[in-house]
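An overview of the molecular structure
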Amino acid sequence: LSTCFLPAWSGDGQSVQMDSIKSGFVGSQVELRCIFVNSNPPVKISQVTWQKFLNGTKQNVAIANPSLGVSVLPPFKERVTFKQAAVRHRTPSLEDTTIMFSNLRLSDEAAYICEYTTFPAGNRENMVNLTVFARPLTRMTLTTPTIVARPQKRKMTVATCLSANGKPQSVIKWDTRLKGEATFQETQNANGTVTVRSNYVVVPSRETHKQKLTCIVTYRNERITDSVVLNVQYEPEVKIEGFDGNWYLNRQDVSLTCNTDANPPVTVYQWKLLNGSLPSTVEIRNNSLIFKGAVTYELAGTYVCDATNGIGTRTGLVEVNITEFPNNPPPGGREIPQEQHNAGAVIGGAVGGVVLLAAAATLLFVFLRRRQRTFKGDYSTKKQVFGNGYSKAGGLPAHPPIPNNLQYPDDSDDEKKPAQIAVTGGFEASERDFDRDAEDLKRPYFTVDEGESQDYDERTLAFQYNPGPDVADDMVSQTDGSVISKKEWYV
């Protein structure tokens, strides 16, 4: 890596051109340029010297002399050479004394000076800074080949990601769906490198089995990944299947199966009946119980399955109930699960409730309608009567003048006699008890049913009070022959 090429100028026109910064990785090769720009007229180059400058101290690396030749000093003798072959000729050309650094080491990191000795101008020099990087060794390993999930649910380190001897240091991250945590540790090495270690800690369980765990190492602009798949061993998870809640008398071909999830696989299955022995009609086939013949009440009970693998033993159980009849089998004999029966009962209850509510609403509507059409209240305060009577709350109605003579029907002599008027409150009134203002009370009061109104209309009264259209429209006939004002009715 070269950032720029800088000449070292002198006042008389000579200069030494070099890169300001160079870098390389451990074990690689790097080129350190050094070019002398001569003046006109040129000066004589007497010698070129490469020096390592570290912590204020200079150390000779290589020397090129026109008379004595080329010399490379230890410990650079096997790793440093002059790039241009002309430097090594009998009559050398020393304007370009670039050197090649092979098999870089971390200890090669320093500043390097290229110095020209000239006559008569004197010494001219320039400097380059060499940086040496160390690519880390990255690896990911499982803590143990086999991870065992224990009932105590203790945390343990399942994988380690290592980035060793890096310069500069690396950054480690984890990529996984596991619910765990990572720990980090950095170690500064004597040669200037850094080792980064990260452990991933989880609680081993059945859920962590076969989960992928990826370590991501970022070094400078590089991204290095490595993955492992966890192999977690755990006790069996047991579930007994086969009982559908609809085992009834004389049903055929029923069985129970002990299904397990285990790592390693289950090797031993043991069946038993809680508080009893297995029925004589049962046959054990691996992890299944086969019940021969028809279902009887003897099959009822709690069935237990013990499943064992290399880690441990777990148990599953199921309660078997026997009914006399099937749970509403559909046409064709196919059995209906208990859940469907429950759903049907809920739907039936909901429909029945809706029907009852509709019937109650209908009855209420009919009752209210009849009440509107027939008034059953106190007529003394609500009715208005044509002829002689009260119009509202016992008040005396105002009537137009009446004729002097009333005509009575011919078929009744009794009806020709003036009748005394019965007044609410229990008193009787006669003609001599009232003054002229109370003459209206002497008029006869008739209550005629609706069905008889046409028959007695002309025979009963020669004079009939005919209210105005507004008053007539305001009246409502009742079943007892009376009428009520609509305004009074709806108050």
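Residues numbered from 1 in each chain as written. Predicted model: local features only at pLDDT ≥ 70, side-chain atom pairs only at ≥ 80, totals over all residues. Heavy atoms only, no water.

- The protein is annotated in an unreviewed UniProt entry as Ig-like domain-containing protein of Oncorhynchus tshawytscha.
- Listed under Subunit (unreviewed entry) in UniProt, the entry text for the protein is "Cis- and trans-homodimer. Can form trans-heterodimers."
- According to the UniProt record, the Function (unreviewed entry) comment for the protein reads "Cell adhesion molecule that promotes cell-cell contacts and plays important roles in the development of the nervous system. Acts by forming homophilic or heterophilic trans-dimers." (UniProt positions renumbered as here; feature names shortened; annotations may be inferred.)

**Section: the side chain of asparagine 126**
- Note on placement: asparagine 126 falls in strand β12 (residues 122-133).
- Accessibility expressed as a relative area gives 17% for asparagine 126, which makes it buried.
- A polar contact is formed between the side chain of asparagine 126 and the backbone oxygen of valine 16, at a distance of 2.9 Å. (Helix = DSSP H or I, 4+ residues; strand = E, 2+ residues; numbered from the N terminus. Buried < 20%, exposed > 50% of the residue type's maximum accessible area, 1.4 Å probe, protein only. Polar contact = N/O pair within 3.5 Å; in protein donor to acceptor, adjacent residues only side chain to side chain.)

**Brief notes about the packing of aromatic side chains**
- Scanning the entire structure with this criterion turns up eight aromatic pairs.
- Between phenylalanine 101 and tyrosine 112, the ring centres sit 5.5 Å apart and the planes meet at 70°, which makes this aromatic pair edge-to-face. Placement of phenylalanine 101 in strand β10 (residues 99-101) and of tyrosine 112 in strand β11 (residues 110-119) is noted, with a sequence separation of 11 residues between them.
- Look at phenylalanine 101 and you get buried, because its relative accessible area is 0%.
- Overall, the relative accessible area of 0% leaves tyrosine 112 in the buried class.
- On the basis of an interplanar angle of 75° and a centroid distance of 5.4 Å, the ring pair of phenylalanine 243 and tryptophan 247 is categorised as edge-to-face.
- An aromatic cluster of three or more residues is present, and its members are Phe243, Trp247, Phe291 and Tyr303.
- Positioned above the aromatic ring of phenylalanine 25 is the side chain of arginine 135, whose terminal nitrogen or guanidinium carbon lies 4.2 Å from the ring centre.
- Taking the ring centre of phenylalanine 133 as reference, the NZ or CZ of arginine 220 above it sits at 4.0 Å. (Phe/Tyr/Trp six-rings, centres within 6.5 Å; stacked < 30°, edge-to-face > 60°. Lys NZ or Arg CZ within 6 Å of the ring centre and 35° of its normal.)

**With respect to the nonpolar core**
- The biggest cluster of nonpolar side chains holds 29 residues, and the ones touching the most others in it are Trp50, Phe101, Tyr112 and Tyr116.
- Looking at this core, the elements that each hand over two or more residues are β2 (15-19), β4 (30-32), β6 (44-54), β7 (57-65), β9 (80-82), β10, β11 and β12.
- Ranked by the residues each element gives to this core, the list is headed by β11, at four residues.
- Counting residues in each nonpolar core, the second largest holds 21 residues, with Trp247, Cys258, Ala307 and Val320 among its members. (Core = buried A, V, L, I, M, F, W, Y, C linked by side-chain atoms within 4.5 Å.)

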